[in-house]
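Each chain, letter by letter, is given below.
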Amino acid sequence: MPKPPSKSVKTIASASTSAYSPADLLKLARPCIQALKPYVPGRSIDDVRAQYNPERIVKLGSNENPLGTSPRVVKAVTAALTDSSLYPDGASRALRQALATHNRVKPEQVIVGNGSDEILLLIALAYLKPGERVVISENTFSEYEFSGRTLDAEIVKIRLQDYRYDMDAYARALRPVKGARPKMMFICNPNNPTGNYVTHAELEGLLKKTPKSCLVVVDEAYGDYATARDFPRSLALMKKHPNLIVARTFSKLYGLAGLRLGYAIGDAGLLTETLRVKTPFNVNLLVQKAGIAALADTAFVNKSLTTNEKGRAQIEAGLQKLKLFYLPTQANFICFHVPRPAVELCEDLMKRGMIIRPLKSFGLPDWCRVTIGTREQNTFFLRELAEVL
Ligand SMILES: Cc1ncc(COP(=O)(O)O)c(C=O)c1O
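Rules used throughout
- Note that residues are indexed from 1 along each chain, following the sequence as it is written.
- Totals for whole chains, interfaces and linings use all residues, but because this is a predicted model, local features are given only for residues with pLDDT of at least 70 and pairs of side-chain atoms are given and counted only at 80 or more.
- Calculation of side-chain values draws on the structure's entire complement of heavy atoms; hydrogens and water are dropped beforehand.
- Burial classes follow relative accessibility: with a 1.4 Å probe on protein chains only, a residue under 20% of its type's maximum area counts as buried, one over 50% as exposed, and anything between as partly exposed.
- For the purposes of this entry, the term helix denotes a DSSP run of H or I that reaches at least four residues, the term strand denotes a run of E that reaches at least two, and both are numbered from the N terminus.
- The reported arc concerns the directions from the helix axis to the C-beta atoms and nothing else.
- Should any heavy atoms of two residues lie within 4.5 Å, those residues are counted as being in contact.
- For cavity detection a 1 Å grid was placed over the protein atoms alone, and a set of points counts as a cavity when a 1.4 Å probe fits there but cannot get out; an open set counts as a pocket when protein lies on both sides within 12 Å along at least five of seven lines, with lining residues being those that have an atom within 4 Å of a point.
- Grid points are joined across faces, edges and corners, and a volume is the space filled by probe spheres set on the points.
- Each residue is assigned to one of three groups, with Ala, Val, Leu, Ile, Met, Phe, Trp, Tyr, Cys and Pro labelled nonpolar, Asp, Glu, Lys and Arg labelled charged, and all others, Gly among them, labelled polar.
- Think of a polar contact as two N or O atoms within 3.5 Å of one another; within protein, one of them needs to be a possible hydrogen donor and the other a possible acceptor, and neighboring residues in sequence only count if both atoms come from side chains.
- A pair of strands counts as paired when DSSP detects no fewer than two bridges linking them.
- Orient the strands so they point away from the viewer; a crossover is then right-handed if the path from the first strand over the helix to the second runs clockwise.
- We score Asp and Glu as negative and Lys and Arg as positive, and we do not count His or the chain ends.
- Salt bridge, as used here: a side-chain nitrogen of Lys or Arg that lies within 4 Å of a carboxyl oxygen of Asp or Glu.
- Residue types Ala, Val, Leu, Ile, Met, Phe, Trp, Tyr and Cys, when buried and joined through side-chain atoms within 4.5 Å, form a set referred to as a nonpolar core.
- The criterion for a residue being near a molecule or strand is simple. One of its heavy atoms has to lie within 4 Å of it.

Undergrad: Got a minute to help me understand helix α10 (residues 200–209) in this structure?
TA: Because the α-helix completes a turn every 3.6 residues, residues three or four places apart line up on one side. Here α10 has its buried residues at His200, Leu203, Leu206 and Leu207. Burial along α10 is one-sided: seen end-on, the buried residues are contained in an arc of 135 degrees. More than 90 degrees from the buried face of α10, the exposed residues found are Ala201, Lys208 and Lys209. Residues of α10 that are buried sit in contact with α9 (167–172), β5 (184–188), β6 (215–219), α11 (234–237) and β7 (244–249).

Undergrad: Looking at this model, I keep getting lost on the layout of surface pockets. Mind explaining?
TA: One water molecule sets the probe size; rolling that probe over the atoms shows where empty space is left. A volume near 590 Å³ is recorded for the largest pocket. Along the wall of the largest pocket there are 22 residues; nearest its centre are Lys37, Ser142, Glu145, Lys157 and Ser361. Among the secondary structure elements, those contributing two or more residues to the lining of the largest pocket are β3 (133–137) and α8 (143–150). When residues of the lining of the largest pocket are assigned to their parent elements, the largest contribution, four residues, is made by α8. Here the lining of the largest pocket is composed, by residue class, of nine nonpolar, six polar and seven charged.

Undergrad: Is there a simple way to explain the environment of Arg340 in this structure?
TA: With respect to the helices and strands, the residue Arg340 is situated in the loop between β9 (333–337) and α15 (342–351). As for Arg340 and Tyr87, which are separated by 253 residues in sequence, their C-alpha atoms are 52 Å apart. Polar side-chain contacts of Arg340 include one of 3.2 Å to the backbone oxygen of Val388.

Undergrad: Sorry, what's going on with the sheet that holds strand β11 (residues 357–358) here?
TA: To summarise the sheet geometry, strands pair through backbone hydrogen bonds and adopt either a parallel or an antiparallel arrangement. The strand order across the open sheet formed by three strands is β9-β12-β11, and the pairing between neighbours is antiparallel. Bordering the open sheet on either side are β9 and β11, each of which pairs with just one other strand. Relative to strand β12 (residues 367–371), β9 runs antiparallel, the two being bridged by five bridges. Counterpart to His337 in the pairing with β12 is Trp367.

Undergrad: Would you explain the pairing of β3 in this entry?
TA: Along any regular strand, the residues point their side chains to alternate faces of the sheet. Burial analysis of β3 places five of its five residues in the buried class, which makes it a mostly covered element. Burial along β3 is two-sided: Arg133, Val135 and Ser137 and Val134 and Ile136, pointing in opposite directions, are all buried. When β3 meets strand β4 (residues 154–158), the two strands line up parallel, connected through five bridges. Counterpart to Arg133 in the pairing with β4 is Glu154. Regarding the hand of the β-α-β motif, the stretch spanning β3, α8 and β4 is right-handed. Bridge count between β3 and β5: two bridges; the pairing is parallel. Bridging from a neighbouring strand, Val134 pairs with Met184 of β5.

Undergrad: Looking at this structure, how should I read the side chain of Lys278?
TA: Secondary-structure assignment places Lys278 in the loop between α12 (268–275) and α13 (285–296). Notably, Lys278 is buried but unbridged: the nearest opposite-charge side chain belongs to Glu118, and the N-O separation is 7.6 Å. Looking at Lys278, its side chain comes within polar contact range of the main-chain oxygen of Gly90, at 2.9 Å. A polar contact is formed between the side chain of Lys278 and the backbone oxygen of Pro280, at a distance of 2.9 Å. Excluding anything up to four places from it in sequence, Lys278 contacts Gly90 and Leu122.

Undergrad: Explain the nonpolar core here, please?
TA: Nonpolar side chains in soluble globular proteins tend to end up buried together. Membership of the largest hydrophobic core comes to 79 residues, with the highest contact counts inside it found for Met184, Ile187 and Phe250. Looking at this core element by element, the count peaks at seven residues for α13. In this structure Met184 touches Ile123, Ala124, Tyr127, Leu128, Arg133, Val134, Val135, Cys214, Leu215 and Val217, once residues within four positions along its chain are discounted. Membership of the second largest hydrophobic core comes to 23 residues, among which are Tyr326, Cys346, Met354 and Cys368.

Undergrad: I'm lost on the site of the ligand in this one. Help?
TA: Near the ligand there are 14 residues, and of these Ser116, Asp219, Thr249, Ser251 and Arg260 occur at the shortest range. Within the contact set of the ligand, a nitrogen atom lies 2.5 Å away from a side-chain nitrogen or oxygen of Asp219. Its residues assigned to classes, the shell around the ligand shows five nonpolar, five polar and four charged.

Below, the structure is given as structure tokens:
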């Protein structure tokens, strides 16, 4: 007589829980996944409240928009809530059309994702084979390395020179090794966390040297804030260089970090391959509406840009007064050097309700990054920083 099914299920369950520890189970993962380091996010307001319960908390640690969310976005999302029972348009047609119009490209040249984090991973998933080389910079956003390592690619890191991207070293990294050239290059422009940028001429120079078989992914998450005249007109470079992909986000200037929306612009054929690996509904209904409303709210965008400009001048003047060395920025944050371990200093600031980012996880243990906030937030930051110094 066969045993009743319920009993046999129970036997398997108890055997598996007693025989395996979590570490054993992790060994089932691909070796490249076992070696991945989890993303280190900035500290949240809830975290700091639970740990220190200060009187007031100001968060300038994750480069979010200090003005919050556009009222037009709130209205659009609220109106769309009643349709939550319906699947969204899996191709995000209206949103991609709005982005295409905004950027003067064709909708087929635009893909959208659950934050630009997802876009970076989708590009890697579609194009990287194990062992192929990916060139990235040191002291930059972690997700380029993460995306490459997820696909078991080989990561080649280029050192910064005078805190800037070393474009000659990027070009040298294009040389074949054992007959193969790199498959992908990532450039963060402006760079998180240093805030400086690669110029149009520098990017064009690299693209001219790069074979079409190597994809150049330029992450312009902070490009909206750049005011330098020689900041790359990256979309114009695409005409001659179809291997260029530009990734952007709604998390910064458009104030949608919590909703998650990123996009990329590139050659239509190239991005079609990327779409094959996306999940069917990767950008939800509310986010699609939010993105369209955010693009249309030029008053909010302009106010955000002005706030950033003024705040930059205010923080720079404050850091000068404190005699702290900082890097010139084209983004919505400032990277500055501190005279003691940044992790400790940031912890002291957190006790006082001021959240900024120590840059140890970016390989810069004596540096901090502060998001440019409103006048009032910046004043609080500078006052508390002076205290803990
Ligand atoms: C350089 C850079 N790229 C991409 C992202 C991720 O943006 P998203 O929120 O769209 O995933 C960030 C987030 O901080 C970033 O700093």
